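Breakdown of the fold
If you want the building blocks of each chain, they are given just below.
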Amino acid sequence: MLFLSDDSMENFIKEVLSASNRGVSAAKNVSGEPNWSFGQSLFFACTVITTIGYGHVTPLSQEGKLFCMLYALFGIPLTLVLLTALVDRLMIPTTKYLHFLNSRLGHLYPPFTIRLLHFGTILCTLIFLFLLLPAAMFTHLEPEWNYMDSLYYCFISLTTIGLGDYIPGDAPDQKYRPLYKLMITGYLVVGLVCVMLTLSIYYDIRQLNFGVLFMLENDETRSIDPEKMHLQEPGTNRTKYTNEKDSPTSLEDTTPIHSIP
């Protein structure tokens, strides 16, 4: 029987951890791909600029650390601009869906109820598409994950918490690792856009936006919905009203014109 001293065991553990940081797995005596393959690097870049930051892969050289700081310094603001622009584009079809619900149900329910129905349907759809369905797929693709682990990973990632305790595609015998990492990167980007879209729709419901309680009167006048400002611009309305009695009483009222008595 072979006995190791405490110092030898400590040095052995340090070597294993150092090798793991460089992409060498000690499990099953299998050496995986390097941590800086194209798929791994793209996945790492996505987690940096989206502020998820799992922390399972980190730059070791001084040059790599400097580049990572500069990359995050410029990449994070540009990524936020890109995600915001995508959310603005997605607000167009969601607003059309709100108008559709309003035209069908505006004579039966108040505007607040219609907005809750609009928000609820979109929220449930996105939860199914970006939490429940991906969790089922990760359960099938990751041999050591159950459904709860997969659902936990999806939630932690899309909320940009990024604890790093569960990382897909890091199994020693993972097949098609670069392609797998590329698909996960796309899932994270699209998922973050949908999370921001959900928050934007939620903030549009004034009765549920508790931030209004902390706003001053000047802030309330400045934070006007761009769509409402567009409606107020001359020449943008399709219907011109001859007097105030023919027009809707308030821009907050989303009841269809044909259903207003």
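Above this note sits the structure.
Described in the following lines is the structure provided in the data block. Just so you know, these numbers come straight off a predicted model, no measurement behind them. (Residues numbered from 1 in each chain as written. Predicted model: local features only at pLDDT ≥ 70, side-chain atom pairs only at ≥ 80, totals over all residues. Heavy atoms only, no water.)

**What about the overall build of the protein chain?**
- Scanning the protein chain from N- to C-terminus turns up eight helices and zero strands.
- Counted from the first residue to the last, the protein chain has its helices and strands arranged as α-α-α-α-α-α-α-α.
- A total of 261 residues make up the protein chain; the buried ones form 29% of that total.
- Look at the contacts in the protein chain between residues 6 or more apart in sequence, and 57% of them connect residues 24 or more apart.
- Surface accessibility of the protein chain: about 17800 Å² in total, with carbon and sulfur atoms responsible for 65%. (Helix = DSSP H or I, 4+ residues; strand = E, 2+ residues; numbered from the N terminus. Buried < 20%, exposed > 50% of the residue type's maximum accessible area, 1.4 Å probe, protein only. Contact = heavy atoms within 4.5 Å. Areas by Shrake-Rupley, 256 points an atom, 1.4 Å probe, with all protein chains shown as cover.)

**Regarding the packing of helix α4 (residues 111-141) against helix α5 (residues 147-158)**
- Contact pair α4 / α5: the axes reach a minimum separation of 8 Å and the direction vectors enclose 130 degrees. Put simply, α4 runs oblique to α5. Seen along the crossing, α4 lies across α5 with a hand that is right-handed. When α4 is examined against α5, the residues F130, L131, L132, P134, A135, A136, F138 and T139 are found in contact with a partner set consisting of Y147, S150, L151, Y153, C154, F155 and L158. (Axes fitted to C-alpha atoms, helices over the stretch in contact; angles between N-to-C directions. Parallel < 35°, antiparallel > 145°, perpendicular 65-115°, else oblique. Left-handed = near helix turned anticlockwise from the far one by under 90°.)

**Here's the deal with the nonpolar core**
- Counting residues in hydrophobic clusters, the biggest one holds 29 residues, and the most contacted among them are F138, Y153 and L188.
- Elements represented by at least two residues in this core include exactly α2 (38-49), α3 (62-105), α4, α5 and α6 (177-204).
- The dominant element in this core, judged by the number of residues it contributes, is α6, at nine residues.
- Not counting residues up to four positions away in its chain, the partners in contact with F138 are W145, S150, Y153, C154, P168, Y180, I184 and Y187. (Core = buried A, V, L, I, M, F, W, Y, C linked by side-chain atoms within 4.5 Å.)

**Here's the deal with unusual backbone geometry**
- One non-glycine residue, T51, adopts positive backbone phi at about 60 degrees.
- Of note, T51 is situated in the loop between α2 and α3.
- Phi is positive for Y176, close to 55 degrees, though the residue is something other than glycine.
- Topologically, Y176 is positioned in the loop between α5 and α6.

**Quick word on the packing of aromatic side chains**
- Applying the stated criterion to the full structure yields 11 aromatic pairs.
- Measuring from ring centre to ring centre gives 5.7 Å for F43 and Y54, while their planes differ by 15 degrees; the resulting arrangement is stacked. Here F43, found in helix α2, pairs with Y54, found in the loop between α2 and α3; they are 11 residues apart in sequence, far enough to count as distant. Exposure class is identical for F43 and Y54. Each is buried.
- Where F138 meets Y153, the ring centres are 5.3 Å apart and the plane angle is 85 degrees; that geometry is what we call edge-to-face. Here F138 is found in helix α4, whereas its partner Y153 is found in helix α5, with 15 residues between them in sequence.
- Since its relative accessible area comes to 6%, F138 is described here as buried. (Phe/Tyr/Trp six-rings, centres within 6.5 Å; stacked < 30°, edge-to-face > 60°.)

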